[in-house]
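# Residue-level structure breakdown
The residues making up each chain are set out below.
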2 protein chains.
Amino acid sequence: MITLPSQLLEQAVEELSKMPGIGKRTALRLALWMLKQDEQHIAILGTSLIRLRNEIQYCSKCYNISDTPFCSICSDPRRDQTLVIVVKDIRDVMAIEQTGQYRGLYHVLGGVISPLDGVSPDDLTIKPLLNRIADDEINELILAMNPDIEGDTTAFYIYRKLEKSNLTVSTIARGVPVGDDLEYADEVTLGRSILNRVPYSNSNK
Amino acid sequence: MITLPSQLLEQAVEELSKMPGIGKRTALRLALWMLKQDEQHIAILGTSLIRLRNEIQYCSKCYNISDTPFCSICSDPRRDQTLVIVVKDIRDVMAIEQTGQYRGLYHVLGGVISPLDGVSPDDLTIKPLLNRIADDEINELILAMNPDIEGDTTAFYIYRKLEKSNLTVSTIARGVPVGDDLEYADEVTLGRSILNRVPYSNSNK
């Protein structure tokens, strides 16, 4: 890497290039762009990032990102409170909401089980999910993790925990091409895969 | 765009997507990545951007970015103080420094003349350059703008201002492919184009 003529610039480039998909050259381009912006604009940018990280709240029920103790979906009385779809992260919530086909609630795991990345079931919101199932009147749980090894492992782990309950556990139809991420699926395919969900069993794998 | 479940998230995505080359989807990916980082790490990121914009200084001589009143190049007694290369921005300084072929000083214009983008000569450091030429003992000025319309216009503008002086005005050899940006040229081509510089005249255009 080129030596930069300023510590301030060097630190900004260093920090920017820690972001995923941002290399040193892109980071430098962004930093130089910032130097040409209004001071106030960059103050808003920096502050909004710090506030995002410090003040963000999660719904106490479904762990979706929320500015209120319960998110707008969980506190909507028109949604089916007996149906819960389990997803990896908030981007999946947004993708499913956009289909307009789903009227139940969510449960955001905050990741998937991945021993290679050091993510164990305890790092996810699986325990809160099991408590929620015990406490609330939930009839059906839809497992909608991405169709890859980690997603399948996570789904199977949750399924095993609930095998003896009389809860219906289903999984979204594999209309979503195997190996693709949920958030990139087109709305029709993703919507249909929720409507055509099938009972969860080992044979889905 | 998808409706986001949080004002904080929405503002962060909005601000991130103002950066060049960052779309809404990438901005959301970056914002969600930030939520998974240490609070302290994001505080450092945000603060470093704000400090970069607020505290950055420019060398009073060459307008290179610098943490001190005079940059490390201008204050290096081993550099040839009689030779000045004029470049568009600091990335060009870094590209030329990396060739290891240039031992003179710089003058950073801070852009190029571009009526379409509303950049006039007064928005650039052309006046300070002319003052510098009048005050300092400079024998030769190398014009090293990018070989495009704006770069050529800027070079010609400066050349006209100096036509009657007895300063040698040269331009780097067009070893750099026309239409390409200086910063992407390979080190050998860029270094040679400085060594093989030719007197500036209309016929270069």
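Residues numbered from 1 in each chain as written. Chains lettered and ligands numbered in written order. Predicted model: local features only at pLDDT ≥ 70, side-chain atom pairs only at ≥ 80, totals over all residues. Heavy atoms only, no water.

## Quick notes on the overall build of chain A
Each helix and strand counted, chain A has seven helices and seven strands in total. Listed by position from the N terminus, the elements making up chain A come as α-α-α-β-β-β-α-β-α-β-α-β-α-β. The 205 residues of chain A split such that 51% are buried. Counting contacts in chain A only where the partners sit at least 6 residues apart, residues at least 24 apart contribute 54% of the total. Per element, the accessible surface of chain A, about 10100 Å² overall, is 48% carbon and sulfur. Distance between charge centres in chain A, computed from 22 positive and 28 negative side chains, equals 1 Å. (Helix = DSSP H or I, 4+ residues; strand = E, 2+ residues; numbered from the N terminus. Buried < 20%, exposed > 50% of the residue type's maximum accessible area, 1.4 Å probe, protein only. Contact = heavy atoms within 4.5 Å. Areas by Shrake-Rupley, 256 points an atom, 1.4 Å probe, with all protein chains shown as cover. Lys, Arg positive; Asp, Glu negative; His and termini not counted. Charge placed at Lys NZ, Arg CZ, Asp CG, Glu CD.)

## A few points about the packing of aromatic side chains
The full count for this structure, using the stated rule, is two aromatic pairs over all chains. Ring centres of Tyr-102 of chain A and Tyr-106 of chain A lie 5.3 Å apart, and the angle between their planes is 70°; on these two criteria the pair is classed as edge-to-face. (Phe/Tyr/Trp six-rings, centres within 6.5 Å; stacked < 30°, edge-to-face > 60°.)

## Looking at the environment of Leu-130 of chain B
Residue and element names in this part refer to chain B. Secondary-structure assignment places Leu-130 in helix α5 (residues 126-135). Among the residues examined, Leu-130 registers a relative accessible area of 24% and is labelled partly exposed. Put simply, Leu-130 and Glu-140 are 10 residues apart on the chain and 13 Å apart in space, counted from C-alpha to C-alpha. Ignoring any residue separated from it by four or fewer positions in sequence, one finds Leu-130 in contact with Lys-161 and Leu-162.

## Section: the nonpolar core
Membership of the largest hydrophobic core comes to 48 residues, with the highest contact counts inside it found for Leu-9 of chain A together with Leu-9 of chain B. For this core, the elements supplying multiple residues, two or more each, are α1 (7-16), α2 (24-35), α3 (39-55) and α4 (90-99) of chain A together with α1 (7-16), α2 (24-35), α3 (39-55) and α4 (90-99) of chain B. (Core = buried A, V, L, I, M, F, W, Y, C linked by side-chain atoms within 4.5 Å.)

## Remarks on the side chain of Asn-146 of chain A
Residue and element names in this part refer to chain A. Relative to the helices and strands, Asn-146 resides in the loop between β5 (140-143) and α6 (149-162). Classification of Asn-146 by relative accessible area gives buried; the value is 7%. Not counting chain neighbours up to four residues away, the residues in contact with Asn-146 comprise Lys-88, Gly-151, Asp-152, Asp-180, Asp-181 and Leu-182.

## Concerning the confidence of the model for chain A
For chain A, the average pLDDT comes to 87, and 94% of its residues sit at 70 or higher. Here the predicted complex carries an ipTM of 0.74, next to a pTM of 0.72. (pLDDT = per-residue confidence, 0-100.)

## Focus: the packing of α3 of chain A against α1 of chain B
One way to put it is that α3 of chain A packs onto α1 of chain B with a least axis distance of 9 Å and a crossing angle of 145°. In the packing of α3 of chain A onto α1 of chain B, the handedness of the crossing is left-handed. Of the residues in α1 of chain B, those touching α3 of chain A at His-41, Ile-44, Leu-45, Ser-48, Leu-49, Arg-51, Leu-52 and Glu-55 of chain A are Leu-8, Leu-9, Gln-11, Ala-12, Glu-15 and Leu-16 of chain B. In the contact of α3 of chain A with α1 of chain B, the residues fall into eight nonpolar, three polar and three charged. (Axes fitted to C-alpha atoms, helices over the stretch in contact; angles between N-to-C directions. Left-handed = near helix turned anticlockwise from the far one by under 90°. Nonpolar A, V, L, I, M, F, W, Y, C, P; charged D, E, K, R; others polar.)

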